[in-house]
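# Observations on the model geometry
Below are the chains, spelled out letter by letter.
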Amino acid sequence: MAMQWKLFADLAEAAGERTVTVEDDATTVGDALEALLEAKPALEARALDADGELRGDVNLLKNGESVDAEESVAAGDELALFPPVSGGV
C-alpha cells in the first residue's frame with residue numbers, strides 16, 4: 001500500500017521534498033514512519049532522538065489529527081511530520 005507523507009519546514013529540507021510517497025505494508029503510523037525514514041535516511045537525525053524515538057519537538061499527524069506511533073493506518077490516510085510552529089509579536 002502506498003503511504004503519502006507531508007513534511008514541513010526543516011523536515012522537508014532534510015528530505016529534499018515536501019511530499020514523499022512510500023510503498024509499505026504498514027499497519028501502524030510507526031511502521032509507516034519507519035518506511036519513510038528508510039526512504040529518506042537524512043530525516044532520521046532530525047526526526048529521532050539518540051534512543052531512536054520520535055523527538056519531542058516533532059509532531060506526528062494522521063488526517064490532520066495528532067497521533068502516536070501505535071495508531072493504525074489504512075490506504076488513503078494522510079500522514080504528516082512537522083516541527084512546532086512558534087508565533088511572533
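The structure reproduced in this document is the subject of the present report.

What counts, and where the lines are drawn
- Residues numbered from 1 in each chain as written.
- Predicted model: local features only at pLDDT ≥ 70, side-chain atom pairs only at ≥ 80, totals over all residues.
- Heavy atoms only, no water.
- Salt bridge = Lys/Arg side-chain N within 4 Å of Asp/Glu carboxyl O.
- Helix = DSSP H or I, 4+ residues; strand = E, 2+ residues; numbered from the N terminus.
- Buried < 20%, exposed > 50% of the residue type's maximum accessible area, 1.4 Å probe, protein only.

### Here's the deal with the pattern of salt bridges
- All chains considered together, the criterion is met by seven salt bridges.
- When the shortest N-O distance is used, the salt bridge between Glu17 and Lys40 registers 2.6 Å. On the criterion of sequence distance, the pair formed by Glu17 in the loop between helix H1 (9-15) and strand E2 (19-23) and Lys40 in the loop between helix H2 (29-39) and helix H3 (44-47) is long-range, its members being 23 residues apart.
- Overall, Glu17 belongs to the partly exposed group, its relative accessible area being 33%.
- Note that Lys62 and Asp77 form a salt bridge whose closest N and O atoms lie 4.0 Å from each other. Taken together, the positions of Lys62 in strand E3 (residues 59-62) and Asp77 in the loop between strand E4 (65-66) and strand E5 (78-82) put the pair 15 residues apart, joining distant regions of the chain.
- Classification of Lys62 as buried rests on a relative accessible area of 13%.
- Residue class for Asp77 comes out buried when judged on its relative accessible area of 15%.
- Taken together, the shared-partner salt bridges in this structure form one network comprising Asp10, Arg46, Arg55 and Asp57.

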